[in-house]
Amino acid sequence: MATTSRGRAQDRAKVAGGQDHEVRYEAKKEGVSKETAKKAVKSAGNSRKKVEAEISRH
């Protein structure tokens, strides 16, 4: 697991819905709008696999 500059562990398997850059990244990766990605995080939780599955359902 990677660490931040403060020494904290980062979990790449999760999407922080409150972090604009993470929502933008996921939206760009999946080819959807930022709003769609944010709604997917809100409905599916913060697991990256579940968010991607939620986006592909629609």
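Throughout what follows, the structure given in this document is the object of discussion. Since the structure is predicted, the reported quantities are computational estimates derived from the model, not experimental observations.

## Section: helix 3 (residues 48-57)
Here is step 1 of the chain: When we look at burial in helix 3, the residues that qualify are Arg 48, Val 51, Glu 54 and Ile 55. Each buried residue of helix 3 sits inside an arc of 125 degrees when the element is viewed along its axis, so together they form one side. Across from the buried face of helix 3, at angles greater than 90 degrees, the exposed residues are Lys 49, Lys 50, Ser 56 and Arg 57.
Here is step 2 of the chain: Each element contacted by the buried residues of helix 3 is listed here: helix 1 (20-30) and helix 2 (34-44).

## Looking at helix 2
Here is step 1 of the chain: Those residues of helix 2 lying buried are Ala 37, Ala 40 and Val 41. All buried residues of helix 2 project into a common sector of 100 degrees when viewed along the axis, lining one side. Opposite the buried face of helix 2, at more than 90 degrees from it, the exposed residues are Lys 39, Lys 42 and Ser 43.
Here is step 2 of the chain: Next to the buried residues of helix 2 lie helix 1 and helix 3.
Here is step 3 of the chain: Once helix 2 finishes, Gly 45 follows within two positions and takes phi at roughly 95 degrees, a positive value.

## Description of the side chain of Glu 54
Here is step 1 of the chain: Position of Glu 54 relative to the elements: it lies in helix 3.
Here is step 2 of the chain: Contacts of Glu 54, omitting those with residues within four sequence positions, involve Ala 40, Ser 43 and Ala 44.

## Re the pattern of salt bridges
Here is step 1 of the chain: Going through the model one piece at a time under the given rule, you end up with six salt bridges.
Here is step 2 of the chain: Residue Lys 29 is joined to Glu 26 by a salt bridge in which the shortest nitrogen-to-oxygen separation is 3.8 Å. Pair noted here: Lys 29 and Glu 26 are both in helix 1, with a separation of three residues, about one helical turn.
Here is step 3 of the chain: Here Glu 52 makes a salt bridge to Lys 29, at a shortest N to O gap of 2.5 Å. Here Lys 29 lies in helix 1 and Glu 52 lies in helix 3, a separation of 23 residues in the sequence.
Here is step 4 of the chain: The class of Glu 52 is partly exposed, set by a relative accessible area of 22%.

Basis of the calculations
- Residues numbered from 1 in each chain as written.
- Predicted model: local features only at pLDDT ≥ 70, side-chain atom pairs only at ≥ 80, totals over all residues.
- Heavy atoms only, no water.
- Buried < 20%, exposed > 50% of the residue type's maximum accessible area, 1.4 Å probe, protein only.
- Helix = DSSP H or I, 4+ residues; strand = E, 2+ residues; numbered from the N terminus.
- Arc of directions from axis to C-beta.
- Contact = heavy atoms within 4.5 Å.
- Salt bridge = Lys/Arg side-chain N within 4 Å of Asp/Glu carboxyl O.

Nothing here speaks to function; it is all geometry.
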